[in-house]
Amino acid sequence: MVSNKEGGITIDRNSELIFQAEQSVSKYKEVVNQDPYRLHFHLMPPVGLLNDPNGFIQWQGRYHLFYQWNPFKTAHGAKFWGHYSSSNLVDWQEEKIALAPSEWFEKNGCYSGSAIDDKGILKLFYTGNVKVEKGNRETYQCLAESMNGIDFLKKGVVLNLPEGYTAHFRDPKVWKHKDKWYMVIGAQSKQLEGRAVLFSSETLEDWLLIGDVAGTNINGLENFGYMWECPDLFHLKGKEVLLVSPQGLQPEGMLYHNVYNTGYFIGTLNYETGGLEHGDFEELDRGFEFYAPQTTEDDQGRRLLFGWMGVPEQDEDKHPTIPYHWVHCMTIPRELKLVNGRLYQQPVEELQALRKNQVSLENVLIQDDQPFTNLDGIAYELQMDTHEIKADILEITIKDCVHLAYNKKEQIFTLERKSLATGEPEIRQCKLNHLDKVRFFVDTSSIEIFLNDGQEVFTARMFPIVENNAISFKVRNGKVTSSIQKWDLDQQ
Ligand code: FRU
């Protein structure tokens, strides 16, 4: 509380914004909870719009996940940092709002960023977004600290925009390497080229520009987008991985069909020059909704990831949850592994704690059309080990809403659904030279498909007719032998 000029009591801007956000949560709580598309085992906003995962960390034994949040509208705006925490990656607790856009350097949003532990203090680095006249913006990289992991004290701006970049410069990811701190930032050069930029610091409060890590017209990469968002750089099995969400890629065959895309480069980072000598860009996820993922290393040494199950400007206003005053969710937590030079993603094993009502079908022969009534479900995990595919195509239809198809002859896997905007069928595909295992996690309004132990992943929202919990299998021209296991995952 502070007193105003007239001697009356006014609430400070931060408390006022937090109060308004809490009001919005309680005002819409009932209507939000009436939505049958509320998910059972995914993180969602209590109201309003959720986007990027932020500040993902295991701190003092507990996992913390913050998220970009507009509590007032189901559209983007001046973002807050919402906050969940968990001891086991399965049961999440909603925490107090971590950051509200109250200060001059963040007045149009506490944008994305990351968390570190510095000698027992939880430190958040994030982008202060400021809109100035004529649609222009300013960007400030900011620090906030917490002793208890719940209440954050803002320390203000630690890095200003350097020469050579436009104000599209954001999303700091910070890590430690050999007693020094490093920060990678998503950027746009003055020539409108997408970039990831490296900084270093001894104190975490003064940052030195090292150089560009990768980007359009760097290290042999040609035109590769006009802006790179949410970079994440980490070490995995002797290599560096740069995860990034470039904007401005054009569709190419089966690739880059979302409005904006996410993928990774694997290579070796030169910490002196900042340069990453890297291989080709690979899409991380082949589905319709996946963007701005963030990783952390936990105390078991696992590289864990959450992604946003949404894509900016991609039919965001067409989601049927909007009349219920909320939109978007996170993916399930996944573990990343480097296998044969590629990133594999697997659901974290803790999710097995959600399993109940197991159904097991051993060595079943599937021919033609096969509805399996005992495999129906609202929220469930299904694992299919395909022992033998002697057929042209294997198809799986879920809730009469999404179709999965493996075309063995063409070695293509396809996910099909109806467009949220037009109702017309739309597809996402990838090449797949064999199919051993199809594992998917179905929730009330989402599906995440892991093929061959995470070799390829498809993530998507889906909005079936409520109470249609059907699943059916179809085999064209032949037969498939497989074992199927299914578990309900009803946490809610
Ligand atoms: C990615 C992004 C980030 C930004 C945040 C704002 O989805 O645009 O670059 O920090 O969302 O909410």
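Only a predicted model underlies this, so the values are computations on that prediction, with no experimental measurement involved.

Student: When you look at helix H1 (residues 13-33) in this model, what are you seeing that I'm missing?
Tutor: For an α-helix, 3.6 residues make a turn, and residues three or four places apart therefore share a direction. End to end, H1 covers 29 Å across 21 residues, agreeing with the expected 30 Å (1.5 Å per residue, within 8%). Of all the bends found along H1, the most pronounced is centred on Lys27 and spans about 40°. When H1 is considered as a whole, its buried residues turn out to be Leu17, Ile18, Ala21, Ser24, Val25 and Val32. Residues of H1 that are buried make contact with strand E4 (62-70), strand E5 (80-86) and strand E22 (326-327). The distance from a side-chain oxygen at the start of H1 to the backbone nitrogen of Asn14 is 3.0 Å, and the residue carrying that oxygen is Asp12.

Student: Looking at this structure, I do not really get the sheet that holds strand E14 (residues 208-215). What am I missing?
Tutor: Two orientations exist for strands paired in a sheet by backbone hydrogen bonds: parallel and antiparallel. With respect to topology, four strands assemble into an open sheet ordered E11-E12-E13-E14, the strand pairing being antiparallel. Either end of the sheet is taken by a strand with one partner, and the two such strands are strand E11 (165-177) and E14. Ignoring strand direction, the axes of neighbouring strands in this sheet form an average angle of 25°.

Student: For this particular structure, what's the right way to read the sheet that holds E5?
Tutor: Spatial strand order, E6-E5-E4-E3-E22: five strands in an open sheet with mixed pairing. Whereas interior strands pair on both sides, the edge strands pair on one side only; in this sheet they are strand E6 (92-94) and E22. Taken together, the three bridges between E5 and E6 define a ladder with antiparallel strand orientation. Looking at E6, one finds that Ser86 is bridged to Trp92.

Student: Explain the domain arrangement of the protein to me, please; I cannot follow it from the model alone.
Tutor: Buried accessible area, meaning the area lost when the parts come together, often serves as the stated size of an interface. When the domains of the protein are assigned, the result is domain 1 (3-347) and domain 2 (350-489). On a C-alpha basis, the centres of domain 1 and domain 2 stand 31 Å from each other. Taken residue by residue, the interface counts 41 residues in domain 1 and 41 residues in domain 2. The junction of domain 1 with domain 2 conceals about 3,700 Å² of combined surface from both sides, 60% of it contributed by carbon and sulfur atoms. Taken as a group, Phe41, Arg286 and Phe288 account for 22% of the area that domain 1 buries against domain 2, more than any other trio of residues on that side. Run the count over domain 1 and domain 2 and you get five salt bridges. Salt-bridge contacts for Arg334 lead to Glu448; the nearest nitrogen and oxygen are separated by 2.8 Å. Our enumeration of links across domain 1 and domain 2 arrives at 23 residue pairs in polar contact (both at pLDDT 80 or more). Ranked by the residues each element gives to the side of domain 1 that touches domain 2, the list is headed by strand E24 (residues 342-347), at six residues. Here the residues of the side of domain 1 that touches domain 2 sort into 19 nonpolar, 13 polar and nine charged.

Student: Please explain the site of the ligand as it appears in this structure.
Tutor: Taken together, Asn51, Asp52, Gln68, Lys79, Tyr111, Ser112, Arg170, Asp171, Glu229, Tyr291 and Trp308 make up the full set of residues near the ligand. At 3.0 Å from an oxygen atom of the ligand is found a side-chain nitrogen or oxygen belonging to Asn51. The side chain of Gln68 places a nitrogen or oxygen atom 2.7 Å from an oxygen atom of the ligand. Summarising the interface, the protein chains cover 92% of the accessible area of the ligand, which totals 310 Å² for the free molecule. Of all the secondary-structure elements, those providing two or more residues to the shell around the ligand are strand E3 (48-59), strand E7 (110-118) and E11.

Student: Explanation requested: the layout of surface pockets in the structure shown.
Tutor: Unfilled space is identified by rolling a water-sized probe across the atoms. Size it by volume and the largest pocket reaches roughly 800 Å³. Forming the walls of the largest pocket are 36 residues, and the residues nearest its centre are Arg38, Leu43, Met44, Tyr84 and Glu94. For the lining of the largest pocket, the secondary-structure elements that each account for two or more residues are H1, E4, E5 and E6. Examining the composition of the lining of the largest pocket, we find that six residues originate from one element, H1, more than from any other. Within the lining of the largest pocket, the residues separate by chemical class into 20 nonpolar, eight polar and eight charged.

Student: Looking at this structure, how should I read empty space enclosed by the protein?
Tutor: Going through the model one piece at a time under the given rule, you end up with four cavities of 30 Å³ or more. In this model, the largest cavity occupies a volume close to 110 Å³. If you trace the largest cavity, you find 14 residues lining it, with Asn258, Asn261, Glu283, Asp285 and Gly287 closest to the centre. Split into classes, the residues belonging to the lining of the largest cavity amount to four nonpolar, six polar and four charged. As a volume, the second largest cavity reaches approximately 70 Å³.

Student: Can you help me understand the packing of aromatic side chains in this one?
Tutor: Two aromatic rings are characterised by how far apart their centres lie and by the angle between their planes. Applying the stated criterion across every chain yields a total of 28 aromatic pairs. Seen in terms of ring centroids, Trp228 and Phe265 are 5.7 Å apart; in terms of plane orientation they differ by 20°. Their pairing is stacked. Taken together, the residues span a long stretch of sequence, with Trp228 in strand E15 (residues 227-236) and Phe265 in strand E17 (residues 263-269) at a distance of 37 residues. Of the two residues examined, Trp228 and Phe265, each falls in the buried class. Each ring, one from Phe413 and one from Phe458, has its centre 5.3 Å from the other, and the planes form 50°; the classification is tilted. A residue pair is termed long-range when its members are at least 10 positions apart, and Phe413 in strand E29 (residues 412-418) and Phe458 in strand E33 (residues 456-461) qualify at 45 residues. Across the pair, Phe458 and Phe413 agree in class, each one buried. Across the ring face of Trp326, the terminal group of Arg38 is positioned such that the distance to the ring centre comes to 4.6 Å.

The rules we used
- Residues numbered from 1 in each chain as written.
- Predicted model: local features only at pLDDT ≥ 70, side-chain atom pairs only at ≥ 80, totals over all residues.
- Heavy atoms only, no water.
- Helix = DSSP H or I, 4+ residues; strand = E, 2+ residues; numbered from the N terminus.
- Expected span 1.5 Å × (residues − 1).
- Bend = angle between axes of the 7 residues up to and from the residue.
- Buried < 20%, exposed > 50% of the residue type's maximum accessible area, 1.4 Å probe, protein only.
- Contact = heavy atoms within 4.5 Å.
- Polar contact = N/O pair within 3.5 Å; in protein donor to acceptor, adjacent residues only side chain to side chain.
- Pairing = 2+ DSSP bridges.
- Axes fitted to C-alpha atoms, helices over the stretch in contact; angles between N-to-C directions.
- Domains from an automatic or database assignment.
- Buried area = accessible area lost by both parts, 1.4 Å probe.
- Salt bridge = Lys/Arg side-chain N within 4 Å of Asp/Glu carboxyl O.
- Nonpolar A, V, L, I, M, F, W, Y, C, P; charged D, E, K, R; others polar.
- Near = heavy atom within 4 Å.
- Areas by Shrake-Rupley, 256 points an atom, 1.4 Å probe, with all protein chains shown as cover.
- 1 Å grid on protein atoms, 1.4 Å probe; cavity = no way out; pocket = protein on both sides within 12 Å on 5 of 7 lines; lining within 4 Å.
- Points joined across faces, edges and corners; volume = space filled by probe spheres on them.
- Phe/Tyr/Trp six-rings, centres within 6.5 Å; stacked < 30°, edge-to-face > 60°.
- Lys NZ or Arg CZ within 6 Å of the ring centre and 35° of its normal.

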